[in-house]
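Given next are the chains, with one letter for each unit.
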Amino acid sequence: MPPRGLASERNNHWLPHPYPGVGFTDLRPLLKETDKMSNSHLEKPTTAGIHASAPLFEVRDLETVIHTRSGTVHAVNSVSFEINAGETLGVVGESGSGKSVTMMSLIRLLASPPVELRGGQVLLGGEDLLKLDEGALRDLRGKKVGFVFQDPMTSLNPVFTVGFQLMEPLRQHLGMSRRGAHDRAVELLALVGIPDPARRVDEYPHQFSGGMRQRVMIAMALACDPAVLIADEPTTALDVTIQAQIIELMRELQSKLGMAVIWVTHDLNVVREIADRVLVMYAGQVIEHGPVDALFAQPAHPYTRALLATMPRAGGAKQERLRAIEGMPPILTEAPQSCAFRARCGHARARCAQELPRRQPLSNGHDVACHYPLREVAEHV
Amino acid sequence: MSEPLFEIRDLKLHFPIYGGLLRHQIGSVKAVDGVSFDIFKGETLGLVGESGCGKSSCGRGLLRLSEPSSGEVVFDGRQVTALSHKEMRAIRTRMQMVFQDPQASLNPRMTVSEIISEPLNEHANLKRRALIARVCELMDAVGLNRAFLNRYPSSFSGGQRQRIGIARALALNPDFIVCDEPIAALDVSIQAQVVNLLKDLQEQFSLTYLFISHDLSMVRHIADRVAVMYLGKIVELADTELLYQRPSHPYSKALLSAVPGAVASRRADAPREVLKGDLPSPANPPKGCNFCTRCPHVMDICRTTEPELKAVAPGQYSACHLND
């Protein structure tokens, strides 16, 4: 995946971390101090107030292209979504569907060049993140927007203790004393359910198991009480039992801290469990979006339906044969002019090759980008 | 059920740990610690468990890719563990393996035809024309385009690479294939393609599979029977539907309830059983029952006595003191 390597090449920060700034910078609102607590609440509207006005976080027509040696890849094409405080948005799609690039574009984590943000708006509390300068962005990353990366094995620096990595931003940006930052790091580890945090804070990442490392990553992302937490496949590298622990933990923390969570995954079963609303991506586009129950009960896009049909289930009746989606997702070397799924679609007609389907509303909060959305109730439920 | 193809009795794989000033052995990782089971002809036995529970070591032990420390492996009436190196080489043609990571298990400097024909060169002694014909036949069988014969693995997608790995495993007409997490590295839509392919090939070539996976929903789909491993031991062995409908061992229950989507729409009803903590170290397993440190139903006897794998129902075996 190009973004990871490219991001680290650019990184001149003295602490070699693949995503400079994230989870490390500026931890001003300290949860413990009441005056700062109220400040952070001003910045982060509460759930009650938000629904009446504009959403907490809004993405409009985001366009990201990647310039590669073999041409320009249109990785994100006119992606729009919004999320409110206390809500969980699940983002699903196959590898290469643009999920991660979208998320990293939101806080401009991708090296530019080769990545170019062609257009769109990313509004957090009315402020367009794409217009901010690098300094303001560093202030924002990790403070208002937390990020949990997929692979806990490679996202932590192996040569520093976990405590150091948690403390470094607290000291650097808040001017906290070593002791104060240390105490805060211990608190954060306790918050994410790491047993014996006072001892483990001085251990190195390799002394932690995969699930524990992911908890450390979550602790870092939460250190500054972000309004939005972006979790990019946080459980993909973990075992099912550990995945269950992390899901329960995130659910608990969300109800405690009230942040908005964007949970990126390719596992539809995970999304079904945690999300309030689901965004289905294909070829860098949002092809379907809706409340989780409506989307699973009545997936309207043929791709969503096919994706659901490929998943074997541990409960319920056993299927004889899995249905596969033949073919591969396309790599878009130019902005899509027609339906990107039509080559693999069983319902494709002439119009699909001529005209790009736009997102059209179906029912309350449910929309689909398909010329011929499927109306009948899915057979898999 | 037909006759057993594999009979495994008290198989152990212990890997030594060296340390100290003279690098002498200071302990051992008990990756597989006394497992016994049969694999019947034509069936798919699923082997599930968390990472580090010894599933892959167990699969490798069967093929003697890792040398077992003790125990017996009988393959089709022959004691595999007692065979000489030369005899082993001959019998390996009948048992093959599909590896987890298609990226790492294919040599990037060999073309597809070289990769698939390598076992044939070693064991079959075919003329060039016959060799190419056989490679093409295998590529057809796994659904790869013959035109890609001289391409390198780098020009294939993950799913296609796994098909190359499968074609290589099929080259010598084996009876038995260990599928070591063959779909773990693939996307969901591609996983379904590969699993369907494995099922078709099983029917076509009457293969027996040991299907190692941590994906319980996929194992349910492909396996006839499932063995659940925990810390080097089999805690439950049952017919697939029995295991998924009413698991007997507390670990199997926890594992199944951890699968997302297993309990539909969980928000309202009771929370699932979430296991606390991680897998203990296999170098220093707990006394008594291996699962006693995480078991929600732990009793005094569990900390002292190791439970045996016993029949709890026809076709279902479980190793737990709760059954007594």
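Residues numbered from 1 in each chain as written. Chains lettered and ligands numbered in written order. Predicted model: local features only at pLDDT ≥ 70, side-chain atom pairs only at ≥ 80, totals over all residues. Heavy atoms only, no water.

Novice: Can you walk me through the overall build of chain A in this structure?
Specialist: Looking only at helices and strands, chain A has 15 helices and 12 strands in total. Buried residues in chain A amount to 58% of all 381 residues. Nonlocal contacts in chain A, meaning residues at least 24 apart in sequence, comprise 66% of its contacts between residues at least 6 apart. Here chain A displays about 15,400 Å² of accessible surface, and carbon together with sulfur accounts for 52% of that area. (Helix = DSSP H or I, 4+ residues; strand = E, 2+ residues; numbered from the N terminus. Buried < 20%, exposed > 50% of the residue type's maximum accessible area, 1.4 Å probe, protein only. Contact = heavy atoms within 4.5 Å. Areas by Shrake-Rupley, 256 points an atom, 1.4 Å probe, with all protein chains shown as cover.)

Novice: When you look at the overall build of chain B in this model, what are you seeing that I'm missing?
Specialist: Secondary structure assignment for chain B yields nine helices and 12 strands. By its C-alpha atoms, chain B is 70 × 55 × 45 Å across when sized along the principal axes. Looking at chain B as a whole, 55% of its 324 residues qualify as buried. Once local pairs closer than 6 in sequence are excluded, the contacts in chain B between residues at least 24 apart make up 65%. Total accessible area on chain B is roughly 14,100 Å²; 49% of this is exposed by carbon and sulfur atoms. Distance from the positive charge centre (37 side chains) to the negative charge centre (35 side chains) of chain B: 5 Å. (Lys, Arg positive; Asp, Glu negative; His and termini not counted. Charge placed at Lys NZ, Arg CZ, Asp CG, Glu CD.)

Novice: When you look at the interface of chain A and chain B in this model, what are you seeing that I'm missing?
Specialist: For interface size, the figure often reported is the accessible area lost on association. Contacts between chain A and chain B engage 45 residues on the former and 39 residues on the latter. In this assembly, chain A packs against chain B so that about 3,500 Å² is buried in total across both faces, 51% of it on carbon and sulfur atoms. Inspection of the region where chain A meets chain B yields zero salt bridges. Inspection of the chain A/chain B interface yields one residue pair in polar contact (both at pLDDT 80 or more). Elements represented by at least two residues in the side of chain A that touches chain B include exactly α11 (240-257), α12 (268-274) and α14 (302-310) of chain A. With nine residues, the top contributor of residues to the side of chain A that touches chain B is α11 of chain A. (Buried area = accessible area lost by both parts, 1.4 Å probe. Salt bridge = Lys/Arg side-chain N within 4 Å of Asp/Glu carboxyl O. Polar contact = N/O pair within 3.5 Å; in protein donor to acceptor, adjacent residues only side chain to side chain.)

Novice: It is not clear to me how the nonpolar core should be interpreted in this structure. Could you clarify?
Specialist: Formed by 80 residues in total, the largest nonpolar core has its most connected members in Phe57, Phe81, Met103, Leu106, Ile218 and Ile262 of chain A. At eight residues, helix α10 (residues 210-222) of chain A tops the list of elements feeding residues into this core. Excluding anything up to four places from it in sequence, Phe81 of chain A contacts Phe57, Glu58, Val59, Leu89, Thr102, Met103, Leu106, Ile262 and Leu279 of chain A. Counting 70 residues, the second largest nonpolar core, distinct from the first, contains Leu322 of chain A together with Met110, Val219 and Leu242 of chain B. (Core = buried A, V, L, I, M, F, W, Y, C linked by side-chain atoms within 4.5 Å.)

Novice: What's the story with the sheet that holds strand β2 (residues 24-40) of chain B in this structure? I'm lost.
Specialist: Note: strands within a sheet are paired through backbone hydrogen bonds, in either parallel or antiparallel orientation. Residue and element names in this part refer to chain B. Spatial strand order, β2-β1-β4-β5: four strands in an open sheet with antiparallel pairing. Two strands close off the open sheet at either side, each with one partner strand: β2 and β5 (78-79). Seen against the sheet, helix α1 (residues 55-62) touches β1 (4-19), β2 and β4 (70-75) and runs at an angle of roughly 115° to β1. (Pairing = 2+ DSSP bridges. Axes fitted to C-alpha atoms, helices over the stretch in contact; angles between N-to-C directions.)

Novice: How should the pattern of salt bridges be read in this particular structure?
Specialist: Close approach of charged atoms allows side chains with opposite charge to pair. Evaluation of the coordinates by the stated rule reveals 29 salt bridges over all chains. Here Arg118 of chain A makes a salt bridge to Glu116 of chain A, at a shortest N to O gap of 3.3 Å. We classify Arg118 of chain A as partly exposed; its relative accessible area is 46%. The partly exposed category is assigned to Glu116 of chain A, whose relative accessible area is 29%. One connected set of salt bridges, linked through shared partners, spans Glu3, Lys41, Asp76, Arg94 and Asp175 of chain B.

Novice: How should the pairing of β2 of chain B be read in this particular structure?
Specialist: Two faces belong to every sheet, and in a regular strand the side chains alternate between them. Residue and element names in this part refer to chain B. Inspection of the sheet shows β1 paired to β2 by 13 bridges, in the antiparallel sense. Following the sheet pairing, Glu7 is matched in β2 by Asp38. Counting the residues that bridge the hairpin from β1 to β2 gives four residues, and of these Gly20 lies at a positive phi of roughly 80°.

Novice: Would you explain α10 of chain A in this entry?
Specialist: Since the α-helix turns once every 3.6 residues, residues separated by three or four places project in the same direction. Taking 1.5 Å as the rise per residue, α10 of chain A with 13 residues should run 18 Å; its terminal C-alpha atoms sit 18 Å apart, in good agreement. In terms of burial, α10 of chain A is largely enclosed, as 13 of its 13 residues are buried. (Expected span 1.5 Å × (residues − 1).)

Novice: Any chance you could explain the sheet that holds strand β9 (residues 225-230) of chain B here in plain terms?
Specialist: Residue and element names in this part refer to chain B. Read from one edge to the other, the open sheet built from eight strands follows the order β6-β7-β8-β3-β9-β10-β12-β11, with strand pairing classed as mixed. The sheet is open, and its two edges are formed by β6 (95-98) and β11 (310-313), each paired on a single side. Across the sheet, the mean angle from the axis of one strand to that of its neighbour is 25°, orientation sign disregarded. Taken together, the four bridges between strand β3 (residues 44-48) and β9 define a ladder with parallel strand orientation. Across the sheet, the residue bridging to Val48 is Val228, located in β9. Along the sheet, helix α6 (residues 188-205) makes contact with β3, β7 (176-180) and β8 (208-213), crossing β8 at roughly 160°.

Novice: Even after reading the chapter, I still don't get unusual backbone geometry, so can you show me in this structure?
Specialist: Leaving glycine aside, a negative phi is the common case for residues, and trans is the common case for peptide bonds. All names here are of chain B. In this structure, Asn125 is a non-glycine residue whose phi angle is positive, near 55°. With respect to the helices and strands, the residue Asn125 is situated in the loop between α3 (112-123) and α4 (128-141). At Leu231, a residue that is not glycine, the phi angle is positive and equals roughly 50°.

Novice: Help me out: how do you make sense of the side chain of Lys99 of chain A in this one?
Specialist: All names here are of chain A. Structurally, Lys99 is set in helix α4 (residues 99-106). Within polar-contact distance, the side chain of Lys99 engages the backbone oxygen of Gly93 at 2.8 Å. At a separation of 3.1 Å, a polar atom in the side chain of Lys99 contacts the main-chain carbonyl oxygen of Glu94. Excluding residues that lie within four positions of it along the chain, Lys99 makes contacts with Val91, Val92, Gly93, Glu94, Glu233, Val264, Thr265, His266 and Met281.

Novice: Sorry if this is basic, but what is going on with the confidence of the model for chain B here?
Specialist: When pLDDT drops low, the exact placement of atoms in the prediction is not to be read closely. Residues and elements named next belong to chain B. Overall, the prediction assigns chain B a mean pLDDT of 87, with 96% of residues at 70 or greater. Residue range residues 263-270 is modelled with pLDDT below 50. Its contacts to residues more than four positions away, or to other chains, number 15 contacts. Interface predicted TM-score (ipTM) for the complex: 0.75; the corresponding pTM is 0.78. (pLDDT = per-residue confidence, 0-100.)

Novice: What exactly am I supposed to notice about the packing of aromatic side chains here?
Specialist: What characterises a pair of aromatic rings is the spacing of the ring centres plus the angle enclosed by the ring planes. For the structure on display, the rule yields 11 aromatic pairs over all chains. Considering the side-chain rings of Phe6 of chain B and Phe75 of chain B, the 5.0 Å spacing of their centres and the 50° angle between planes classify their relative orientation as tilted. Taken together, the positions of Phe6 of chain B in strand β1 and Phe75 of chain B in strand β4 put the pair 69 residues apart, joining distant regions of the chain. Taking 5.6 Å as the distance between ring centres and 70° as the angle between the ring planes, the aromatic pair formed by Phe148 of chain B and Phe156 of chain B counts as edge-to-face. On the basis of relative accessibility, which here comes to 5%, the residue Phe156 of chain B falls in the buried class. Taken together, the ring pairs connect Tyr282, Tyr303 and Phe341 of chain A into an aromatic cluster. Taking NZ or CZ as reference, Arg200 of chain A lies 4.3 Å from the ring centre of Phe208 of chain A, over its face. (Phe/Tyr/Trp six-rings, centres within 6.5 Å; stacked < 30°, edge-to-face > 60°. Lys NZ or Arg CZ within 6 Å of the ring centre and 35° of its normal.)

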